[in-house]
Amino acid sequence: MTVPVITIDGPSASGKGSVASVVAARLGFHYLDSGSLYRLVALAALRRGIPLDDAEALAPLALSLPVVFGKDSVLLEGDEVADALRAEEIGNGASKVGALPAVRAALLERQRAFAVQPGLVTDGRDMGSVVFPQATVKVFLTADAAVRAERRYKQLIGKGESANLPRITQDIIERDARDAAREVAPLRHEPDAMLLDTSAMTIDEAVEHVVQWYSDRLSSG
Ligand code: DC
């Protein structure tokens, strides 16, 4: 029996991770945050002093990443890194290593292995276009850059961290440009993905749309 897969791709800070994890919980499906794999490669590289453009050293690192995912934990070589992965520096590093075809190829099978019954919800940049081209429902989730910057800003302030809105906006625009311009698996709205613009939507509203699209797809066979 084929495993149902829902892919949610989109730019940084669009809220796709929150929407994807709530959809997964609603449907009782597994959840893969593919960005965390790219973040792990960047973090592991920085810890080992490997430059983020050294494809020859990064590809084997991506293939052999010693990582264990728990419910709220991520262990890298036995070290808890869930918080460290969310740092802006690591997000930018992930965008750099994600531009390397050899790193993307090394992570492909690792991502596909998450598609097990009863189903998978996954978010990233190329989940619908490259990793799961046969997905049941594909979504491209986005929001205006200013709205995304504001959301990221509030998230950081909420965690008690210092944040600078113009700087965050600039980072988001640069990261979008790099993710969209790369040659392999660029960030873009593919024609077979449903467009979900959440600029004026809550997470719950966005979740409702995705769950509805999934049930429509099931009932249409
Ligand atoms: O979704 P995120 O912000 O955690 O992703 C961090 C970076 O990782 C993103 O800027 C580009 C890269 N990435 C990617 O290239 N492909 C994916 N499927 C997921 C993330």
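Trainee: Pulling in residues and values, what's your account of the sheet that holds strand β6 (residues 120–124)?
Mentor: Overall, parallel pairing links the 5 strands, which are arranged β2-β6-β1-β7-β8 in an open sheet. Two strands bound the open sheet, and with one partner strand each, they are β2 (30–33) and β8 (194–197). Averaged over all pairs of adjacent strands, the angle between their axes in this sheet comes to 20 degrees, without regard to strand direction. Note: strand β1 (residues 5–9) against β6, 5 bridges, orientation parallel. Across the sheet, I8 pairs through a bridge with D123, a residue of β6.

Trainee: Tell me what's going on with helix α6 (residues 101–112), and back it up with residues and numbers.
Mentor: Between the first and last C-alpha of α6 there are 17 Å, a value that for 12 residues agrees with the 16 Å anticipated at 1.5 Å per step. All buried positions along α6 are accounted for by V103, R104, A106, L107 and Q111. Down the axis of α6, the sector holding all buried residues measures 165 degrees, keeping them to one side. Exposed residues on α6 whose side chains face more than 90 degrees from its buried face are A105 and E109. Summarising the contacts, the buried residues of α6 are in contact with β2, α2 (34–48), α3 (55–63), α5 (88–97) and α7 (127–131).

Trainee: Can you explain the nonpolar core? Please cite residues and give values.
Mentor: In globular proteins that are soluble, nonpolar side chains generally tend to be buried together. The biggest cluster of nonpolar side chains holds 33 residues, and the ones touching the most others in it are L40, V41, L58 and V103. Among the elements of the structure, α2, α3, β4 (74–76), α4 (82–85), α5, α6 and α7 are those that each provide at least two residues to this core. Among all residues touching V41, those that are not within four sequence positions of it are L58, L61, A62, L65, V97, V103 and L107. Counting 18 residues, the second-largest nonpolar core is a separate cluster that includes I8, V19, A24 and L141.

Trainee: Lay out the site of the ligand in plain terms, naming residues and giving numbers.
Mentor: Not every one of the 16 residues close to the ligand is listed here, only the nearest: R39, R104, R125, D179 and R182. The side chain of R39 places a nitrogen or oxygen atom 2.7 Å from an oxygen atom of the ligand. R125 places a polar side-chain atom, nitrogen or oxygen, 2.9 Å from an oxygen atom of the ligand. Across the complex, the protein chains shield 98% of the 450 Å² of accessible surface that the ligand would expose by itself. Considering every element that reaches the shell around the ligand, the biggest residue donor is α2, with 4 residues. By residue class, the composition of the shell around the ligand is 3 nonpolar, 5 polar and 8 charged.

Trainee: Could you give an account of the sheet that holds strand β3 (residues 67–69), naming the residues involved and the relevant values?
Mentor: Across the sheet, 3 strands lie side by side as β3-β4-β5; this open sheet has antiparallel pairing. Only two strands of the sheet have a single partner each, and these edge strands are β3 and β5 (79–80). Taken together, the 3 bridges between β3 and β4 define a ladder with antiparallel strand orientation. The residue of β4 that forms the bridge with V68 is L75.

About the thresholds
- Residues numbered from 1 in each chain as written.
- Predicted model: local features only at pLDDT ≥ 70, side-chain atom pairs only at ≥ 80, totals over all residues.
- Heavy atoms only, no water.
- Pairing = 2+ DSSP bridges.
- Helix = DSSP H or I, 4+ residues; strand = E, 2+ residues; numbered from the N terminus.
- Axes fitted to C-alpha atoms, helices over the stretch in contact; angles between N-to-C directions.
- Expected span 1.5 Å × (residues − 1).
- Buried < 20%, exposed > 50% of the residue type's maximum accessible area, 1.4 Å probe, protein only.
- Arc of directions from axis to C-beta.
- Contact = heavy atoms within 4.5 Å.
- Core = buried A, V, L, I, M, F, W, Y, C linked by side-chain atoms within 4.5 Å.
- Near = heavy atom within 4 Å.
- Polar contact = N/O pair within 3.5 Å; in protein donor to acceptor, adjacent residues only side chain to side chain.
- Areas by Shrake-Rupley, 256 points an atom, 1.4 Å probe, with all protein chains shown as cover.
- Nonpolar A, V, L, I, M, F, W, Y, C, P; charged D, E, K, R; others polar.

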